[in-house]
Amino acid sequence: MTEVLRIEAGELSADEIIDALNDGRRILVDVEVAGGRHEVVLRYDGETYHCDTPTNLHRHADEADMRGCIDRMGYADAGAED
């Protein structure tokens, strides 16, 4: 079983997140939504990227789609150069 990586939203760049997913790591992102703290699970099963939020499971067919989700949702460091 691979090691789980726990991060705060904005702690890593999108490249670092994608690299960890492609290495088989499951990432738990601590985010603030509507005044509360929540955990989002990011993972890659070798074919599909998954973004499991408290209310929905998003699936992304390729790395570009996953990167877009990571950027849109604010999981990555917006100031980092990818």
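Residues numbered from 1 in each chain as written. Predicted model: local features only at pLDDT ≥ 70, side-chain atom pairs only at ≥ 80, totals over all residues. Heavy atoms only, no water.

## Topic: helix α2 (residues 63–73)
Right, so step 1: Three or more residues of α2 are buried, namely M66, C69 and I70. Along α2, the residues classed as buried sweep out an arc of 100 degrees about the axis, all on the same side. Exposed positions of α2 whose direction lies more than 90 degrees from the buried face are A64 and R72.
Right, so step 2: Elements in contact with the buried residues of α2: α1 (14–22), β3 (36–44), β4 (49–52) and β5 (57–60).
Right, so step 3: Taking the backbone nitrogen of A64 as reference, a side-chain oxygen 3.2 Å away marks D62 as the first, capping residue of α2.
Right, so step 4: G74 occupies a position one or two residues after α2 and carries a positive phi of about 80 degrees. (Buried < 20%, exposed > 50% of the residue type's maximum accessible area, 1.4 Å probe, protein only. Helix = DSSP H or I, 4+ residues; strand = E, 2+ residues; numbered from the N terminus. Arc of directions from axis to C-beta. Contact = heavy atoms within 4.5 Å. Polar contact = N/O pair within 3.5 Å; in protein donor to acceptor, adjacent residues only side chain to side chain.)

## Some details on the pattern of salt bridges
Right, so step 1: Within the structure shown, the criterion is met by seven salt bridges.
Right, so step 2: Put simply, R67 and D15 hold a salt bridge, and the shortest N to O gap is 2.9 Å. Residue R67 is found in helix α2, and its partner D15 is found in helix α1; the two are separated by 52 residues along the sequence.
Right, so step 3: Among the ionic contacts, a cluster of salt bridges with common partners joins E8, D30, E32 and R37. (Salt bridge = Lys/Arg side-chain N within 4 Å of Asp/Glu carboxyl O.)

## Some details on the side chain of H60
Right, so step 1: Mapped onto the elements of the fold, H60 is located in strand β5.
Right, so step 2: What makes H60 buried here is its relative accessible area of 9%.
Right, so step 3: Setting aside its immediate chain neighbours within four residues, H60 contacts T48, Y49, C51, D65, M66 and C69.

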